[in-house]
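Topology and contacts: notes
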Amino acid sequence: MAKNTGKGHRIGAVKGRSEFKVNGTWFKRDTKTGRILDGSPNQHKGVRNEK
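The notes below deal with the structure included here. This one's a predicted model, so the numbers in the text were calculated from it and none came from an experiment.

**Considering the overall build of the protein**
The helix and strand inventory of the protein stands at 0 helices and 6 strands. Start at the N end of the protein and walk to the C end: the helices and strands fall as β-β-β-β-β-β. With the C-alpha coordinates of the protein rotated into their principal frame, the extents come out at 30 × 25 × 20 Å. Among the 51 residues that make up the protein, the fraction classed as buried is 18%. Put simply, of all contacts in the protein between residues at least 6 apart along the chain, 25% involve residues at least 24 apart. Here the protein carries 13 positive and 4 negative side-chain charges, and the mean point of each set is 7 Å from the other.

Procedures and definitions
Residues numbered from 1 in each chain as written. Predicted model: local features only at pLDDT ≥ 70, side-chain atom pairs only at ≥ 80, totals over all residues. Heavy atoms only, no water. Helix = DSSP H or I, 4+ residues; strand = E, 2+ residues; numbered from the N terminus. Buried < 20%, exposed > 50% of the residue type's maximum accessible area, 1.4 Å probe, protein only. Contact = heavy atoms within 4.5 Å. Lys, Arg positive; Asp, Glu negative; His and termini not counted. Charge placed at Lys NZ, Arg CZ, Asp CG, Glu CD.

As structure tokens, then:
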């Protein structure tokens, strides 16, 4: 389980999530259901990238 440090980063990885970039926006995806959860102009912390 990922833990927030309060210093702008996390220790550990966020499990069950991945992210991908489309037209400058990073979208977070639930790996179990494939649903898109959130979009952001910046990368999400501790979430693995899809290729």
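That covers the picture; the talk isn't over yet.
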